[in-house]
Amino acid sequence: MHAWTAWPVGVRVVVRRRLPDGRFSDVLGELLATDDDGVRVRTRTGDVSVTAAEIAIGKVVPPARPRRPRPAPEA
């Protein structure tokens, strides 16, 4: 059993994955699905699937802070 299988769907997570060239990349967003084969995360740019073989480490993180409103453009 992998640690990520205990994460509840809907929480915000960050998953560090190994890229084919040996570097790492972080996937941050809402957890959509998890099983022994990996995870699926909804990021700002879309849904990302990360296989178990790619996962180096991951954890549940606090919800994102609300974004500050943009100032109104001057007329």
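Preceding block: the structure.
Residues numbered from 1 in each chain as written. Predicted model: local features only at pLDDT ≥ 70, side-chain atom pairs only at ≥ 80, totals over all residues. Heavy atoms only, no water.

A.B. asks: Is there a simple way to explain the overall build of the protein in this structure?
C.D. replies: Assigned secondary structure in the protein consists of zero helices and five strands. Secondary structure elements in the protein, listed N-terminal to C-terminal, are β-β-β-β-β. In terms of C-alpha radius of gyration, the protein reaches 15 Å, well past the compact-globule figure of 11 Å for 75 residues. Viewed in the frame of its principal axes, the protein has a C-alpha envelope of about 55 × 30 × 15 Å. A total of 75 residues make up the protein; the buried ones form 23% of that total. (Helix = DSSP H or I, 4+ residues; strand = E, 2+ residues; numbered from the N terminus. Rg over C-alpha atoms; globule rule 2.2 N^0.38 Å. Buried < 20%, exposed > 50% of the residue type's maximum accessible area, 1.4 Å probe, protein only.)

A.B. asks: What's the story with the sheet that holds strand β4 (residues 46-51) in this structure? I'm lost.
C.D. replies: By definition, the strands of a sheet pair up through backbone hydrogen bonds, in either a parallel or an antiparallel sense. Spatial strand order, β4-β3-β2-β1-β5: five strands in an open sheet with antiparallel pairing. Each of the sheet's edge strands pairs with one partner strand only, and the pair in question is β4 and β5 (55-60). On average, each strand axis in the sheet is tilted by 40 degrees relative to the strand beside it, whichever way the strands run. When strand β2 (residues 24-35) meets strand β3 (residues 38-43), the two strands line up antiparallel, connected through five bridges. Counted as the bridge partner of Asp-35 is Gly-38 from β3. (Pairing = 2+ DSSP bridges. Axes fitted to C-alpha atoms, helices over the stretch in contact; angles between N-to-C directions.)

A.B. asks: Can you help me understand the layout of surface pockets in this one?
C.D. replies: Over the atoms, a rolled probe matching the size of one water molecule traces out where space is still vacant. Taken as a whole, the largest pocket encloses approximately 210 Å³ of empty space. Looking at the largest pocket, the residues that line it are Arg-12, Leu-28, Gly-29, Arg-42, Thr-43, Arg-44, Ala-64, Arg-65 and Arg-67. Going through the elements one at a time, β2 and β3 are the ones with two or more residues in the lining of the largest pocket. Here the residues of the lining of the largest pocket sort into two nonpolar, two polar and five charged. (1 Å grid on protein atoms, 1.4 Å probe; cavity = no way out; pocket = protein on both sides within 12 Å on 5 of 7 lines; lining within 4 Å. Points joined across faces, edges and corners; volume = space filled by probe spheres on them. Nonpolar A, V, L, I, M, F, W, Y, C, P; charged D, E, K, R; others polar.)

A.B. asks: Quick question: what am I supposed to make of the side chain of Thr-43 here?
C.D. replies: Locating Thr-43 in the fold gives a position in strand β3. Of the polar contacts made by the side chain of Thr-43, one reaches the backbone oxygen of Gly-46; its length is 2.7 Å. If sequence neighbours within four positions are ignored, Thr-43 has contacts with Val-27, Leu-28 and Val-48. (Polar contact = N/O pair within 3.5 Å; in protein donor to acceptor, adjacent residues only side chain to side chain. Contact = heavy atoms within 4.5 Å.)

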